[in-house]
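Fold and contact review
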Amino acid sequence: MHRARLRSAFWFAVVIGAYVGAAKVGIHLDVAHGVITPVWAPSGIALAALLILGLRYWPAVAVGAFVANLTSDSSAGVAAGIAVGNTLEAVVGAALLRRFGFRQELDRVRSVLALTVCGALLSTAIAATNGVTILTLADQRQDPYGTAWVLWWFGDAVGDLMVAPLLLVLSAWRRSRLTTAQLIEGAALLAAIAGTSVVVFVAGAWRYPYLLFPPLLWAAIRFKSVGAATASFVVGAIGTWGAVAGKVPFGVETATERVQVAQGLFALIAVSLLVVGATLEEREAGSSELFTTASRLSEAQALAHIGSWEWDIRRDAVTWSDELYRIFGMEPDSGSVDYASYLERLHPADRAFVDSTVQRAVAERRPFAFEHRIVRPDGTERVISSRGQVIVEDDQLVAMLGTAQDVTEQRQAERLRDDILSAVSHELRTPLTAVLGFAVTLEQRRNELSDEELGRILAELVGAARRLERLLVDLLDVERLRRGAADVSRERVDALELVERAVAACDLDGRRVDISGGPVTAEIDGAKVERIVENLILNAVKHTPQEGSIHVRLDALGDDLMLAVEDDGPGVANEHKDDVFEIFNRGAKVLSATPGAGIGLALVSRFAEAHGGRSWVEDRPGGGASFRVLLPGCVVG
């Protein structure tokens, strides 16, 4: 609290001192008419102080105005009356500017115009009217009322336009950090403006004022509002000095009029430069906002895998967003695109459909939406959802705008969901029906059943329950694998013993299983490898005739472990050898009557990949299929 009070006292003193000092300079000039002068910087100091520090500093303005007038041969009453008008001028000006959303950085044209109108033109009329009226009542007015009023109003207005902008932008700009190059450039530019101003307005080269235009424009262009405010102040101060000294002949009768003409020109220059600086600030801010918006749009498109496009139909030029290039497997801006080249990137089977849909939308001038496939340069296929609308101007078709979203993963997820629902509804129905049927039988006839019949029913119930359990476990494993939660926990195990244990746990339904291979010690995830063996054995059981046999072989190939499960079934056609390991894919349609959900082999493949290995199927010599799993770098003995 004490520190805040000291800071407030310091700024009170600064405002009072600056006001009084600037007032003394203006009043003691030869062009002043008593306390009325065309050079009145205190008006700009007061307005800037209340805008920067707050309206609560109005007493500092009042004290400064009273002291300045009291020490300039004015009575205490006259000084107090004039101080009231000077204070109201600053307070009203600051309040009006704040009401209109004034920004002290002067980085908006609206703020520059508000300062010109509310600060320089309107609020200054309060001090002029009050001051001239006070002097008239005190019989201290030297000029006619109208002449004195214009001179007072003009001096205050120029002070607001020349001094206030400099203080405002410097206050807002003080936290900015300039590079060394910018500091050097700014210092050189300021020296050039000051030197040229001295030459033109003091050294007698007043016929060549256009020498100032290049550096003034450079200041506004390079340093925006700060450059405009600083340059206009320097030119105005030096030009006013030359006008007061009579170095600039304007063809008027008195020195006061000469200064008024000069300051009018400088005020016009100041407003013009400030408008230029504010316009550039607005343009830069707009470009920055546009870049930010474009960046956010690009990020949003990347996150949603949505790209945007525009087709100029008259020029047949297609513009793509960066994300759309990425969706099609291309580098952004990797080449020009037209409608024909777009069609070439579509899946051959979908080109005619897409082309007819677009042409129909063009002919009927209505929006469209459809899904199609594309083929990327690397040969991969993606599913794209496209939307578009037609742009018509003066009844002429000019363009089409739209978006394209990569929905491959969504469609895969939807298919997976449908497959899961189909598998669950189909595979659960049989065991559930058995469980329900046997349960009803037990409930209604338990007293009539023999021990043999009870044993058979219980065995059927246990078998159905185990099938349900296996299906649910497989579905849960599918979900864990989808989320990438299938961590491998390796430990040393006897692989042959693990295979024998897994085979013994399977329901072979009378089929014979031969196991070959020597003892092998491997660092593997025993639970997952056991699931691999179980699923391969159960798959073989489904496709092996009742009188057939299943062959299991375990080999150590250096550091790699090879597991092969062979059956006496019909085998797998070449076109389905890659597909059978896809989830819910059960191979050839001729096998569609074989029970199963199409999950087991997919889990075999995923568990093998989790070990860094792979799985595949070959033809077994003599007929049947040979499913193989290779687990690399795991054999230790």
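Refer to the structure above for everything that follows.
Since the structure is predicted, the reported quantities are computational estimates derived from the model, not experimental observations. (Residues numbered from 1 in each chain as written. Predicted model: local features only at pLDDT ≥ 70, side-chain atom pairs only at ≥ 80, totals over all residues. Heavy atoms only, no water.)

Bringing the overall build of the protein into the picture now. Along the protein, the regular secondary structure elements total 19 helices and 12 strands. A compact globule built from 637 residues would reach a C-alpha radius of gyration of about 26 Å, whereas the protein, at 45 Å, exceeds it by more than 25%. The principal-axis extent of the C-alpha atoms belonging to the protein is close to 135 × 65 × 55 Å. Counting over 637 residues, the protein shows a buried share of 45%. Long-range pairs, those at least 24 residues apart, make up 65% of the contacts in the protein with a sequence separation of at least 6. Computed over 62 positive and 77 negative side-chain charges, the inter-centroid distance for the protein is 7 Å. (Helix = DSSP H or I, 4+ residues; strand = E, 2+ residues; numbered from the N terminus. Rg over C-alpha atoms; globule rule 2.2 N^0.38 Å. Buried < 20%, exposed > 50% of the residue type's maximum accessible area, 1.4 Å probe, protein only. Contact = heavy atoms within 4.5 Å. Lys, Arg positive; Asp, Glu negative; His and termini not counted. Charge placed at Lys NZ, Arg CZ, Asp CG, Glu CD.)

Taken in spatial order, the 5 strands make up an open sheet running 2-1-5-4-3, and their pairing is antiparallel. Pairing within the sheet leaves two strands with one partner each, and these edge strands are strand 2 (317-320) and strand 3 (368-375). Neighbouring strand axes in the sheet, compared pairwise and without regard to direction, differ in orientation by 25° on average. Packing of helix 14 (residues 351-364) onto the sheet brings it into contact with strand 1 (306-312), strand 3, strand 4 (381-393) and strand 5 (396-406), and relative to strand 3 it is tilted by some 150°. (Pairing = 2+ DSSP bridges. Axes fitted to C-alpha atoms, helices over the stretch in contact; angles between N-to-C directions.)

Before going further, it helps to spend a moment on the packing of aromatic side chains. All chains considered together, the criterion is met by 15 aromatic pairs. Here the aromatic cluster, defined as three or more aromatic residues joined through ring pairs, consists of Trp311, Trp320, Tyr325, Phe328, Tyr339 and Tyr342. In this arrangement the basic side chain of Arg614 is found over the ring face of Trp616, its NZ or CZ atom lying 4.0 Å from the centre. (Phe/Tyr/Trp six-rings, centres within 6.5 Å; stacked < 30°, edge-to-face > 60°. Lys NZ or Arg CZ within 6 Å of the ring centre and 35° of its normal.)

Right, let's talk about the environment of Glu453 for a bit. Along the chain, Glu453 turns up in helix 16 (residues 451-482). Once the C-alpha coordinates of Glu453 and Ala231 are considered, the two residues, 222 residues apart in sequence, prove to be 108 Å apart. Within the local environment of Glu453, its side chain forms a polar contact with the backbone nitrogen of Ser450, the two atoms lying 3.1 Å apart. (Polar contact = N/O pair within 3.5 Å; in protein donor to acceptor, adjacent residues only side chain to side chain.)

Taken together, the side chains of Tyr208, Tyr210, Leu211 and Phe213 make up a nonpolar region of the molecular surface, amounting to roughly 430 Å² of accessible area. If you trace the backbone, Tyr208 turns up in the loop between helix 9 (180-201) and helix 10 (213-244). (Patch = residues over 30% accessible without salt bridge, like charges linked within 9 Å, V, L, I, M, F, W, Y side chains within 5 Å. Areas by Shrake-Rupley, 256 points an atom, 1.4 Å probe, with all protein chains shown as cover. Salt bridge = Lys/Arg side-chain N within 4 Å of Asp/Glu carboxyl O.)

Now for the pattern of salt bridges. For side chains bearing opposite charge, pairing can occur when the charged atoms are close. With the rule as written, the count across this model stands at 25 salt bridges. Ionic pairing is found between Arg326 and Glu323, a salt bridge with its closest N-O pair at 3.0 Å. In this pair, Arg326 and Glu323 are both assigned in helix 12 (residues 322-327), 3 residues apart and thus about one turn of the helix distant. We note a salt bridge from Arg553 to Asp555, for which the minimum N-O separation is 3.0 Å.

Counting 64 residues, the largest nonpolar core has Leu97 and Ile193 as its most contacted members. Per element, the largest residue contribution to this core is 12 residues, and it comes from helix 10. Beyond its immediate chain neighbours, meaning those up to four positions away, Leu97 contacts Leu47, Leu51, Phe102, Ala114, Leu115 and Cys118. Core analysis: the second largest hydrophobic core is formed by 43 residues, Leu498, Val499, Cys506 and Leu563 among them. (Core = buried A, V, L, I, M, F, W, Y, C linked by side-chain atoms within 4.5 Å.)

Spatially, the 5 strands line up as an open sheet ordered 7-9-10-12-11, and their pairing is mixed. At either end of the open sheet lies a strand with only one pairing partner, and these are strand 7 (512-516) and strand 11 (614-619). Strand after strand, the sheet turns through a mean of 15° between neighbouring axes, direction not considered. Bridging between strand 7 and strand 9 (residues 549-557) involves 5 bridges; their strand directions are parallel. Bridge assignment links Val513 to a residue of strand 9, and that residue is Ile550. Along the sheet face, helix 18 (residues 526-543) touches strand 9, strand 10 (560-566) and strand 12 (625-631) and points at about 20° away from the line of strand 10. With respect to the sheet, helix 19 (residues 600-610) is in contact with strand 11 and strand 12, its orientation differing from that of strand 12 by roughly 25°.

A separate point is the environment of Lys247. Along the polypeptide, Lys247 turns up in the loop between helix 10 and helix 11 (255-304). As for Lys247 and Trp206, which are separated by 41 residues in sequence, their C-alpha atoms are 8.0 Å apart. Those residues in contact with Lys247 that sit more than four places away from it in its chain are Phe201, Val202, Trp206 and Gly242.

Tracing the sequence through the fold places Ala228 in helix 10. Through-space distance from the C-alpha of Ala228 to that of Leu217 is 8.0 Å; in sequence the pair is 11 residues apart. With sequence-adjacent residues up to four places away left out, Ala228 is seen in contact with Ala219, Ala220, Leu273 and Leu274.

Burial of strand 10 is extensive: 6 of the 7 residues sit out of reach of the surface. Connecting strand 9 to the next strand, strand 10, in antiparallel fashion are 2 residues, including Gly558 with a positive phi near 70°. Strand direction decides the pairing type here: strand 10 and strand 12, joined by 6 bridges, are antiparallel. Of the residues in strand 12, the one forming a bridge with Ala564 is Arg628.

It is worth spelling out the packing of helix 2 (residues 42-53) against helix 4 (residues 76-99) at this point. Viewed as axis vectors pointing N to C, helix 2 and helix 4 meet at an angle of 50°, and their least axial separation amounts to 9 Å. Between helix 2 and helix 4, the interaxial angle falls into the category oblique. Crossing of helix 2 against helix 4: the hand is right-handed. Residues Ser43, Ala46, Leu47, Leu50 and Leu51 of helix 2 pack against Glu89, Ala90, Val91, Gly93, Ala94, Leu97 and Arg98 of helix 4. A breakdown of the residues in the contact of helix 2 with helix 4 according to their chemical character gives 8 nonpolar, 2 polar and 2 charged. (Parallel < 35°, antiparallel > 145°, perpendicular 65-115°, else oblique. Left-handed = near helix turned anticlockwise from the far one by under 90°. Nonpolar A, V, L, I, M, F, W, Y, C, P; charged D, E, K, R; others polar.)

The next subject is the pairing of strand 9. With 7 bridges connecting them, strand 9 and strand 10 associate as antiparallel partners. Across the sheet, the residue bridging to Ala556 is Leu561, located in strand 10.

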